[in-house]
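Summary of structural features
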Amino acid sequence: MRSPRVPEGMGQQLDLDRLGEIPDPYRDRIVVAPSSSLGAALAAASLQAARTRAQVRRFRVLALGGALLYALGMLAVMGFRADLAKAPTAVLGASLLAPLAAAALAFRTATRVGPSGLGAASVRVASVVLAAIGLFGIGMLVVGRAEAGRSGRAFWVGTWMCFAGSLVLAAGPLLLALLAFRHAFAASAKWRSAALGVASGALAAFALDLHCPMDGRWHLLLGHGAVLVVGGLVGLGLARVTRA
């Protein structure tokens, strides 16, 4: 029986050195594992350098100044109330002090880091946020006058216009606050973000008091003060921005 014919060249010894002549089809698609030292170096090189504490502090100071300038700029566009010079000093001072105190209390609570560096517990922050809103409400009940024609069309139109204006006044400071404290809250992020919203709303109420001459209790509470609640809810819903 004949043995099968071996094709020419098959009987020769295989030259393993010639395997290097085979081109690599994935040469341009090499993926380095992130766990390797080279992968870590490439990943680190692609990341932006983290800001220093001094830079973060400087940016937050600038954001706070920007919020104040925004409120004053909008107030200049809207105009100051015509009776500003004639309004009773005690009443006007109290109506301005209440929103400022609420803004300071809420902002201090949101930015306070505490001894552990993580901020206060959620229950405590929530309590202070509600206290800031309550402080504004009590202040408006004290300085506000009895509402004349509370259910009249003029009341609701004026109240709605002030509420819309307060939203515009609060939008700028809240945006700057969220940018300044982006990924800054390691604990109680939701309520601390809500505190930033309440502080922005209180600043808007302060500016609105310098523009609007209406001093009825319900107008002050609904037209000027509802923005504190709205700002708090918006801050609460955007906690993912400030969560570390």
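Scroll up to find the structure this text is about.
Residues take numbers from 1 onward in each chain, read along the sequence in its written order. Owing to the predicted nature of the model, reporting of local features is limited to residues with pLDDT of at least 70; listing and counting of side-chain atom pairs is limited to 80 or more, with chain, interface and lining totals taken over all residues. The side-chain quantities take in all heavy atoms of the structure and omit both hydrogens and water.

1. Points about the overall build of the chain
Secondary structure is summarised from DSSP: a helix means a run of H or I of at least four residues, a strand means a run of E of at least two, and numbering begins at the N terminus for each. In terms of regular secondary structure, the chain is built from nine helices and zero strands. N-terminal to C-terminal, the α/β element order of the chain is α-α-α-α-α-α-α-α-α. Each residue is assigned to one of three classes by its accessible area relative to the maximum for its type, calculated with a 1.4 Å probe on protein chains only: buried under 20%, partly exposed between the two thresholds, exposed over 50%. Per-residue burial for the chain yields a buried fraction of 34% across its 244 residues. Any two residues having at least one pair of non-hydrogen atoms within 4.5 Å are treated as being in contact. For the chain, contacts bridging at least 24 residues in sequence account for 86% of all contacts bridging at least 6. Element-wise, carbon and sulfur atoms account for 65% of the exposed surface of the chain, whose accessible area totals about 15600 Å². For the accessible areas, the method is Shrake-Rupley and the probe is 1.4 Å, while residue cover comes only from the protein chains on display.

2. Some words on the pattern of salt bridges
We define a salt bridge as a side-chain nitrogen of Lys or Arg found within 4 Å of a carboxyl oxygen belonging to Asp or Glu. Per the stated rule, a full pass over the model turns up two salt bridges. Salt-bridge contacts for arginine 81 lead to aspartate 83; the nearest nitrogen and oxygen are separated by 2.8 Å. Its salt-bridge partner being aspartate 215, residue arginine 145 comes within 3.1 Å of it at the nearest N-O pair. On the criterion of sequence distance, the pair formed by arginine 145 in the loop between helix H4 (122-143) and helix H5 (153-180) and aspartate 215 in the loop between helix H6 (189-209) and helix H7 (217-224) is long-range, its members being 70 residues apart.

3. Brief notes about the packing of aromatic side chains
For Phe, Tyr and Trp, where Trp contributes only its six-membered ring, two rings pair if their centres lie within 6.5 Å, and the inter-plane angle classes them as stacked under 30 degrees, edge-to-face over 60, or tilted in between. This structure, assessed with the given rule, holds four aromatic pairs. For the pair tryptophan 160 and phenylalanine 163, a centre-to-centre distance of 5.8 Å together with 45° between the ring planes defines the contact as tilted. Taken together, the positions of tryptophan 160 and phenylalanine 163, both in helix H5 and three residues apart, correspond to about one turn of that helix. With a relative accessible area of 56%, tryptophan 160 lands in the exposed category. For phenylalanine 163, a relative accessible area of 17% corresponds to the buried category. One aromatic cluster is present, built from ring pairs that chain together Phe107, Phe181 and Phe185.

4. Some words on the environment of leucine 208
As for its placement among the helices and strands, leucine 208 is situated in helix H6. Residues contacting leucine 208, with those up to four places away along its chain left out, are Met78, Cys162, Ser166, Leu169, Gly223 and His224.

5. Some points on the nonpolar core
Counting residues in hydrophobic clusters, the biggest one holds 37 residues, and the most contacted among them are Ala102, Phe136, Met140, Leu196, Val198 and Leu228. When residues of this core are traced back to their parent elements, those giving at least two are helix H2 (53-78), helix H3 (89-111), H4, H5, H6 and helix H8 (226-237). Of all the elements, H6 adds the most residues to this core, at 11 residues. Dropping the residues within four chain positions of it, alanine 102 is found in contact with Ala132, Leu135, Phe136, Ala202 and Leu228. For our purposes a nonpolar core is just a set of buried Ala, Val, Leu, Ile, Met, Phe, Trp, Tyr and Cys residues, chained together by side-chain atoms within 4.5 Å. By size, the runner-up hydrophobic cluster in this structure holds six residues, among which are Leu75, Ala87, Leu92 and Phe206.

6. Side note on the packing of H6 against H7
Remark: H6 packs on H7, axes separated minimally by 10 Å, with the N-to-C direction vectors making an angle of 135°. With respect to H7, the axis of H6 lies oblique. Handedness of the crossing formed by H6 with H7: right-handed. For the pair formed by H6 and H7, the contact residues are Ala205, Leu208 and Asp209 on the first element and Leu220, Gly223 and His224 on the second. For helices, the axis comes from a line fit to the C-alpha atoms of the stretch in contact; other axes are also lines fit to C-alpha atoms, and the angle between any two N-to-C directions lies between 0 and 180 degrees. The cut-offs work like this: below 35 degrees is roughly parallel, past 145 is roughly antiparallel, 65 to 115 is roughly perpendicular, and the gaps in between are oblique. By definition, any crossing whose near helix is turned counterclockwise from its far helix by less than a right angle is left-handed, and any crossing with a clockwise turn is right-handed.

7. As for the packing of H5 against H6
At a minimum axis distance of 8 Å, the contact between H5 and H6 shows a crossing angle of 135°. On the basis of their axis angle, the class for H5 and H6 is oblique. The two elements H5 and H6 cross, and the hand of that crossing is right-handed. Contacts between H5 and H6 involve Cys162, Ser166, Leu169, Ala170, Pro173, Leu174 and Ala177 from the former and Leu196, Gly197, Ser200, Gly201, Leu203, Ala204, Ala207 and Leu208 from the latter. Any residue outside Ala, Val, Leu, Ile, Met, Phe, Trp, Tyr, Cys, Pro, Asp, Glu, Lys and Arg is labelled polar, Gly included; the first ten of those are nonpolar and the last four are charged. Partitioning the contact of H5 with H6 into residue classes produces 11 nonpolar, four polar and no charged.

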